[in-house]
Amino acid sequence: MNRFNAAAKLTAGLIFSTVFLAACGGGGDDGNGGGGDPADVPLSQSPALVQQYAAQLNNARASSRNCGTVAMPAVPSLSKWNSKLQSAAQKHADDMAANSFFSHTGSDGSTADSREDAAGYSGIGIGENLAGARGTPAAITNAWLNSQGHCITVMSEEATTLAVAQKGQYTVLMTGK
């Protein structure tokens with residue numbers, strides 16, 4: 001298979017979905033002054049996979065871009081990682097792989113918001129992007145940037161924290177504040 005066909009197969013195989021999470025109380029104080037979760041740590045303390053995605057995502061966030069029909073300005077880098085958010089992302093990746101499905105709704109009816117709550121994440125959930133096919137962090141990030149809703153999630157100025165989990169062909173990106 002030549003490079004073009006491999007790239008076309010990857011592009012065709014990447015199935016994505018995005019959901020924006022509403023903060024309780026319409027974005028008001030989350031009990032910690034709106035400053036994230038106390039478990040947030042510098043991105044340098046995150047697993048290697050998260051750092052690989054963070055490099056791609058932060059490169060994208062450094063420049064203004066059009067997300068479909070929506071003009072998005074350059075935004076600050078994602079700078080934090082949270083083990084609780086990571087746990088929520090991994091739970092969903094594991095669930096999709098174990099039960100052979102692809103959706104923001106878990107096999108138990110859970111949502112990104114309820115998975116964050118169950119993991120004890122006290123920050124504000126900003127967004128969740130999914131990928132349903134294998135690919136490099138660069139290829140998956142590029143596909144997200146070519147999808148309006150996913151691109152908007154990547155370019156959210158509100159997002160400061162991220163987690164990325166994979167299981168089999170499934171990748172789950174969760175962002176928070």
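The sections below set out a description of the structure shown in this document.

**A word on the packing of helix 2 (residues 48-61) against helix 5 (residues 137-145)**
(1) Moving on: Where helix 2 contacts helix 5, the two axes come as close as 9 Å, and the packing angle between them is 35°. Between helix 2 and helix 5 lies a crossing whose hand is right-handed. Taken together, the residues of helix 5 that come into contact with helix 2 (itself represented by Q52, Y53, Q56, L57 and A60) are P137, A138, I140, T141, W144 and L145.
(2) Moving on: Its residues placed into classes, the contact of helix 2 with helix 5 shows 8 nonpolar, 3 polar and no charged.

**Looking at helix 2**
(1) Moving on: Taking 1.5 Å per residue as the helical rise, helix 2 with its 14 residues ought to reach 20 Å, and the 20 Å between its terminal C-alpha atoms agrees with that figure.
(2) Moving on: Along helix 2, the residues classified as buried are V50, Y53, A54, L57, N58, A60 and R61. Buried residues in helix 2, looked at end-on, bunch into an arc of 145°, giving them a common side. For helix 2, the exposed residues lying more than 90 degrees away from the buried face are A48 and N59.

**Structural notes on empty space enclosed by the protein**
One water molecule sets the probe size; rolling that probe over the atoms shows where empty space is left.
(1) Moving on: In the structure shown here, the tally under the stated rule is 1 cavity of 30 Å³ or more.
(2) Moving on: Considered as a void within the structure, the largest cavity measures approximately 30 Å³ in volume.
(3) Moving on: Lining the largest cavity are L57, R61, L78, T153, V154, A159, L173 and T175.
(4) Moving on: Looking at the lining of the largest cavity, the elements that each hand over two or more residues are helix 2, helix 6 (148-154) and strand 8 (170-176).
(5) Moving on: Classifying every residue of the lining of the largest cavity by side-chain character gives 5 nonpolar, 2 polar and 1 charged.

**Remarks on the nonpolar core**
(1) Moving on: Membership of the largest hydrophobic core comes to 25 residues, with the highest contact counts inside it found for L57, W144, V154, M155 and L162.
(2) Moving on: Elements supplying a minimum of two residues to this core: helix 2, strand 6 (125-131), helix 5, helix 6 and strand 7 (161-167).
(3) Moving on: Ranked by residues supplied to this core, first place goes to helix 2 with 5 residues.
(4) Moving on: Excluding its chain neighbours within four sequence positions, the residues that come into contact with L57 are L78, T141, V154, L162 and L173.
(5) Moving on: Within the second largest apolar cluster, 14 residues are counted, among which are L85, A88, V172 and M174.

**Points about the pattern of salt bridges**
(1) Moving on: The tally for this structure, following the rule as stated, stands at 5 salt bridges.
(2) Moving on: K91 is paired through a salt bridge with D108; the nearest N and O atoms lie 3.6 Å apart. Of this pair, K91 sits in helix 3 (residues 83-99) while D108 sits in the loop between helix 3 and helix 4 (112-119), and the two are 17 residues apart along the sequence.
(3) Moving on: By relative accessible area, which is 42% here, K91 ends up partly exposed.

**Quick word on the side chain of S110**
(1) Moving on: Tracing the sequence through the fold places S110 in the loop between helix 3 and helix 4.
(2) Moving on: Within the structure, the side chain of S110 is placed 3.0 Å from the side chain of R115, a separation counted as a polar contact.
(3) Moving on: Aside from chain neighbours lying at most four places away, what touches S110 is H104, T105 and R115.

**As for the pairing of strand 8**
(1) Moving on: For strand 8, the tally of buried residues reaches 7 of 7 residues, placing the bulk of the element in the interior.
(2) Moving on: Both faces of strand 8 are covered, namely the face carrying Y170, V172, M174 and G176 and the face carrying T171, L173 and T175.
(3) Moving on: Bridge count for strand 6 against strand 8 is 6 bridges, and the pairing is antiparallel. Bridge pairing links A131 to T171 in strand 8.
(4) Moving on: Pairing geometry for strand 7 and strand 8, over 7 bridges, is antiparallel. The residue bridging Q166 from the neighbouring strand is T171, located in strand 8.

Conventions adopted
- Residues numbered from 1 in each chain as written.
- Predicted model: local features only at pLDDT ≥ 70, side-chain atom pairs only at ≥ 80, totals over all residues.
- Heavy atoms only, no water.
- Axes fitted to C-alpha atoms, helices over the stretch in contact; angles between N-to-C directions.
- Helix = DSSP H or I, 4+ residues; strand = E, 2+ residues; numbered from the N terminus.
- Left-handed = near helix turned anticlockwise from the far one by under 90°.
- Contact = heavy atoms within 4.5 Å.
- Nonpolar A, V, L, I, M, F, W, Y, C, P; charged D, E, K, R; others polar.
- Expected span 1.5 Å × (residues − 1).
- Buried < 20%, exposed > 50% of the residue type's maximum accessible area, 1.4 Å probe, protein only.
- Arc of directions from axis to C-beta.
- 1 Å grid on protein atoms, 1.4 Å probe; cavity = no way out; pocket = protein on both sides within 12 Å on 5 of 7 lines; lining within 4 Å.
- Points joined across faces, edges and corners; volume = space filled by probe spheres on them.
- Core = buried A, V, L, I, M, F, W, Y, C linked by side-chain atoms within 4.5 Å.
- Salt bridge = Lys/Arg side-chain N within 4 Å of Asp/Glu carboxyl O.
- Polar contact = N/O pair within 3.5 Å; in protein donor to acceptor, adjacent residues only side chain to side chain.
- Pairing = 2+ DSSP bridges.

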